[in-house]
Amino acid sequence: MPTALTNTDYNFPNQTAVYHGKVRDVYSIGTDTLVMIATDRISAFDVVLPKGIPFKGQVLNEIAGYFLDATADIVPNWKLASPDPMVTVGVRCEGFRVEMIIRGYLAGSAWRDYQAGCREICGVKLPEGMRENQAFPEPIITPTTKADAGHDENISREEIIARGIVSADDYAEMERYTRLLFARGQQMAAEKGLILVDTKYEFGKHDGKVYLIDEIHTPDSSRYFYADGYEERLEKGLPQRQLSKEFVRQWLIDHGFMGREGQQVPEMTDEFVASVSDRYIELYEKLTGLPFKKADEQNLTDRIATNVLDCLQTING
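Throughout this description, residue numbers start from 1 for each chain and increase along the sequence as written. Totals for whole chains, interfaces and linings use all residues, but because this is a predicted model, local features are given only for residues with pLDDT of at least 70 and pairs of side-chain atoms are given and counted only at 80 or more. For the side-chain quantities, the full set of heavy atoms in the structure was used; hydrogens and water were omitted.

Q: With reference to specific residues and values, describe the environment of Gln15.
A: Working definition: helices are DSSP H or I runs of at least four residues, strands are E runs of at least two. Numbering for both runs from the N terminus. Inspection of the secondary structure assignment puts Gln15 in strand S1 (residues 15-20). In this description, contact between two residues means that some pair of their heavy atoms is separated by no more than 4.5 Å. Not counting residues up to four positions away in its chain, the partners in contact with Gln15 are Tyr10, Tyr27, Ser28 and Ile29. Pairs of N or O atoms are called polar contacts if they sit within 3.5 Å, as long as, within protein, a hydrogen donor faces a hydrogen acceptor (for residues adjacent in sequence, only side-chain-to-side-chain pairs). One polar contact links the side chain of Gln15 to the main-chain carbonyl oxygen of Tyr10, over a distance of 3.2 Å.

Q: Lay out the layout of surface pockets with the relevant residues and their values.
A: Put simply, the second largest pocket is a space of about 450 Å³. Residues are said to line a cavity or pocket when one of their atoms sits within 4 Å of a point; the points come from a 1 Å grid over protein atoms alone, cavities being sets where a 1.4 Å probe fits but cannot get out and pockets being open sets with protein on both sides within 12 Å along at least five of seven lines. Lining the second largest pocket we find 22 residues, and of these Glu132, Asn133, Pro239, Gln240 and Gln242 sit closest to its centre. Those elements giving two or more residues to the lining of the second largest pocket turn out to be helix H2 (108-115), strand S15 (222-226), helix H5 (230-236) and helix H6 (246-254). Among the elements that take part in the lining of the second largest pocket, H6 stands out by supplying four residues, more than any other. Each residue is assigned to one of three groups, with Ala, Val, Leu, Ile, Met, Phe, Trp, Tyr, Cys and Pro labelled nonpolar, Asp, Glu, Lys and Arg labelled charged, and all others, Gly among them, labelled polar. Here the residues of the lining of the second largest pocket are counted per class, giving eight nonpolar, six polar and eight charged. Grid points are joined across faces, edges and corners, and a volume is the space filled by probe spheres set on the points.

Q: Would you mind going over the pairing of strand S6 (residues 79-84) in detail, with residue names and values included?
A: Strand pairing is assigned whenever DSSP detects at least two bridges linking the two strands. Where S6 meets strand S7 (residues 87-91), three bridges bridge the pair, whose relative direction is antiparallel. For Lys79, the partnering residue across the bridge sits in S7 and is Gly90.

Q: Can you explain the sheet that holds S7? Please cite residues and give values.
A: Sheets are built from strands paired through backbone hydrogen bonds, the pairs being either parallel or antiparallel. The strand order S1-S2-S3-S7-S6 describes an open sheet built from five strands, whose pairing is antiparallel. Two strands in the sheet have a free side with no partner beyond their single neighbour: S1 and S6. For this sheet, the mean angle separating the axes of adjacent strands, direction not counted, is 20°. Bridging between strand S2 (residues 24-29) and strand S3 (residues 33-38) involves six bridges; their strand directions are antiparallel. Looking across to S3, one finds that Tyr27 is bridged to Val35. Interaxial angle, 0 to 180 degrees, is taken between N-to-C directions of lines fitted to C-alpha atoms, where a helix line uses only the stretch in contact. The strands that helix H1 (residues 56-70) touches are S2, S3, S6 and S7; relative to S6, the one it contacts most, it runs at about 145°. Against the sheet, helix H8 (residues 300-315) touches S2, S3, S6 and S7, its axis set at about 140° to S6.

Dropping the structure here:
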């Protein structure tokens with residue numbers, strides 16, 4: 001079994017803070033620079049699962065970099081360099097406490113809520129009579145609050161502005177960027193025979209401007225269907241063939257786990273872990289059209305340290 005990177009503990013020159021998220025470890029360098037390491041941890045239902053997925057961090061980091069570069073003409077983003085397959089170095093922005101989720105189709109948690117009788121999400125009214133995985137008349141934005149721990153919570157545009165979480169002007173700009181980015185993502189997915197179903201974006205501010213931050217269009221933040229056979233499966237009420245993390249969530253649900261109190265994470269066998277790794281690599285190759293080149297996972301921590309140090313020296317002159 002290849003090595004998976006599940007923990008990091010670096011002390012880079014001029015390091016001022018470190019934040020260990022569910023999947024990413026973010027190191028603050030001085031006041032203006034961030035080093036974001038995409039680990040091989042995997043989370044579902046806001047729980048970090050007990051085993052890492054080899055090459056997942058590389059897949060996420062390289063897909064995010066691919067799409068950050070491909071959308072830089074739409075919105076400025078935080079990326080400065082990617083010195084290692086698992087690392088992005090970028091500009092530190094003051095993040096907004098909201099995640100912008102945009103949905104083109106009724107799928108995932110939105111479908112589960114709809115099935116339970118919900119006809120409104122985040123102040124957006126949903127049509128009656130929709131089927132699972134059916135396209136909305138037009139994409140809907142369903143933001144959530146960004147929680148430091150535990151579950152993010154759905155929130156409406158009006159409440160975000162009324163509570164002063166984001167100003168009306170900044171929110172309008174985030175909403176505009178969200179729709180433009182989603183349209184670009186759907187177009188790029190369609191060119192590869194995929195449907196970008198839904199995704200999330202995070203934004204921050206730097207020098208008074210709204211910036212796109214974090215990841216974009218990765219399988220951790222997005223859901224993709226194969227376009228081939230979509231209509232037929234929709235008509236027959238069959239599950240869609242998809243490339244996303246939803247298959248991990250579904251596996252957990254099938255094994256009696258949804259992150260609720262008292263539930264135990266099912267055993268992740270080596271075979272299951274390898275299959276998840278393969279699915280991530282498949283998405284990378286399908287999304288980018290490029291062959292995935294597995295980085296040497298021996299001495300992972302040393303490799304990352306060396307590459308980050310070289311990059312920081314270059315950036316700082």
